[in-house]
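Letter by letter, the chains look like this.
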Amino acid sequence: MDALGWVEALLESAPLVPVVLIVGAIGAGGVLGGSRLKALHRRIRERESAMRRPVTTAPWVDAHRPVAHATLAVGTVVVSMDAFRGVLASLQKLIGGEVAPYSTLLDLARREALLRMYEKHPRADAFVACRIMTSSLEENASYVEVLATSTAVRYWTGS
Amino acid sequence: MAELNLHAPEMMLTNLYEVPGQRIVEHFGLVHGGTVRAKHFGRDLFAGLQNAVGGELKAYTELMEEARAEAISRMRSQARELGANAVVGVYFTSAGVTSGAVEILAYGTAVRVEKV
């Protein structure tokens, strides 16, 4: 029996299977998604407080300080909404106004992308010309990419 | 509608990298604020009709303005918490996140400035 035939046979014997799967996904999203988000939030806060180097959208921090090395720094993360919060978000979209589940998720994603960018350049003294972008990878997708870029700069410390 | 006030005396915002006539004395790093918004269903429908006719989609212009004001106020309160009195090098980006909802992001560099 091929895969499709197997699915058809399953649906015939137990027509409620897809409903159970969807409700299960929403329930699992509600239970697991919440705790995962909380853990992610905690980890991000810890890493943010450990980060002490200057970051700026300007093309320099101290224009007079000689630079020894400069390189492009990139941090990226693709995030998606869990099923439970996805349902909440689509209800909110009917009413209009702020879609809080997405605002929170994207805020975390942005901070994660920035942290990844910093952590890829542990020897950099500063991050300048920082830019943040959000892009949906396909039309009406439930997942988005957040990209942070900057120039990682190491100052000249020789004699 | 939320007021988009870029000249609040307690927190200056600029897309320059300095505040003209003032000196940057302290640096607080990157601050950002974002919001994801959806338009009311009825007005979305109206905008859909207007889309067929062409011209400005007023409902959507308003949506973007409101969202941008909210994003700025979040960025501003983040900067205030750090002890900044200005945000320089401010940039905006926006992206369609899911169908019918849009993300607006404002980010910049929080600094403290003093009159020269």
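Residues numbered from 1 in each chain as written. Chains lettered and ligands numbered in written order. Predicted model: local features only at pLDDT ≥ 70, side-chain atom pairs only at ≥ 80, totals over all residues.

## Side note on the overall build of chain B
(1) Moving on: Along the backbone of chain B there are two helices and four strands.
(2) Moving on: Overall, chain B shows an N-to-C arrangement of helices and strands of β-β-α-α-β-β.
(3) Moving on: Looking at chain B as a whole, 34% of its 116 residues qualify as buried.
(4) Moving on: Taking contacts inside chain B between residues at least 6 apart in sequence as the whole, the part at least 24 apart equals 75%. (Helix = DSSP H or I, 4+ residues; strand = E, 2+ residues; numbered from the N terminus. Buried ≥ 20, exposed ≤ 12 C-beta atoms within 10 Å, placed from the backbone. Contact = placed C-beta atoms within 7 Å.)

## Digging into the interface of chain A and chain B
(1) Moving on: Each partner contributes to the interface: chain A provides 29 residues, whereas chain B provides 29 residues.
(2) Moving on: For the side of chain A that touches chain B, the elements supplying multiple residues, two or more each, are α3 (83–95), β2 (97–98), α4 (100–119) and β3 (126–136) of chain A.
(3) Moving on: At seven residues, the largest contribution of residues to the side of chain A that touches chain B is made by β3 of chain A.
(4) Moving on: Considering only residue class, the side of chain A that touches chain B consists of 13 nonpolar, eleven polar and five charged.
(5) Moving on: Here β2 of chain A runs beside strand β2 (residues 22–38) of chain B; their pairing, made up of two bridges, is antiparallel. In the sheet register, Gly97 of chain A faces β2 of chain B, and the bridge partner there is Ala38 of chain B. (Nonpolar A, V, L, I, M, F, W, Y, C, P; charged D, E, K, R; others polar. Pairing = 2+ DSSP bridges.)

## A short note on the sheet that holds β2 of chain A
(1) Moving on: The strand order across the open sheet built from five strands is β2(A)-β2(B)-β4(B)-β3(B)-β1(B), with neighbouring strands paired in mixed fashion. The sheet is open, and its two borders are formed by β2 of chain A together with β1 (12–13) of chain B, each paired with just one other strand.

## Description of helix α2 (residues 58–82) of chain B
Residue pairs three or four apart in sequence face the same way in an α-helix, which turns once every 3.6 residues.
Residue and element names in this part refer to chain B.
(1) Moving on: Between its terminal C-alpha atoms α2 stretches 36 Å, which fits the 36 Å expected from 25 residues at 1.5 Å a residue.
(2) Moving on: The complete set of buried residues in α2 reads Leu63, Ala67, Arg68, Glu70, Ala71, Ile72, Met75, Arg76 and Ala79.
(3) Moving on: For α2, the secondary structure elements touched by its buried residues are β2, β3 (86–98) and β4 (101–115).
(4) Moving on: Directly beyond the C-terminal end of α2, a positive phi value near 95° is found at Gly83. (Expected span 1.5 Å × (residues − 1).)

## As for the confidence of the model for chain A
(1) Moving on: Here chain A shows a mean pLDDT of 86. Residues at 70 or above account for 96%.
(2) Moving on: Mean pLDDT across the elements of chain A ranges from a minimum in helix α1 (residues 3–13) of chain A, with 77, to a maximum in α4 of chain A, with 93. (pLDDT = per-residue confidence, 0-100.)

## A look at the sheet that holds strand β1 (residues 67–80) of chain A
All names here are of chain A.
(1) Moving on: With antiparallel pairing, three strands are arranged side by side in an open sheet as β1-β4-β3. Each having just a single partner strand, β1 and β3 make up the two edges of the open sheet. Strand-to-strand, the axes of this sheet are offset by a mean angle of 15°, without reference to chain direction.
(2) Moving on: Bridging between β1 and strand β4 (residues 143–155) involves 13 bridges; their strand directions are antiparallel. For Val78, the partnering residue across the bridge sits in β4 and is Glu145.
(3) Moving on: Of the strands in this sheet, β1, β3 and β4 are in contact with α4, which crosses β1 at around 150°. (Axes fitted to C-alpha atoms, helices over the stretch in contact; angles between N-to-C directions.)

## Re the nonpolar core
(1) Moving on: The biggest cluster of nonpolar side chains holds 51 residues, and the ones touching the most others in it are Tyr102 and Phe127 of chain A together with Met75 and Val87 of chain B.
(2) Moving on: The set of elements that each furnish at least two residues to this core consists of α4, β3 and β4 of chain A together with β2, α2, β3 and β4 of chain B.
(3) Moving on: The element that contributes the greatest number of residues to this core is α4 of chain A, accounting for nine residues.
(4) Moving on: Not counting the four nearest positions on each side in its chain, Met75 of chain B is found in contact with Val31, His32, Gly33, Val87, Ala106, Tyr107 and Gly108 of chain B. (Core = buried A, V, L, I, M, F, W, Y, C linked by C-beta atoms within 7 Å.)

## A look at the environment of Ala67 of chain B
Residues and elements named next belong to chain B.
(1) Moving on: Note on placement: Ala67 falls in helix α2.
(2) Moving on: According to the C-beta neighbour criterion, Ala67 is buried, with 25 such atoms within 10 Å.
(3) Moving on: When residues no more than four places from it in sequence are discounted, the contact partners of Ala67 are Thr35, Arg37, Val102 and Ile104.

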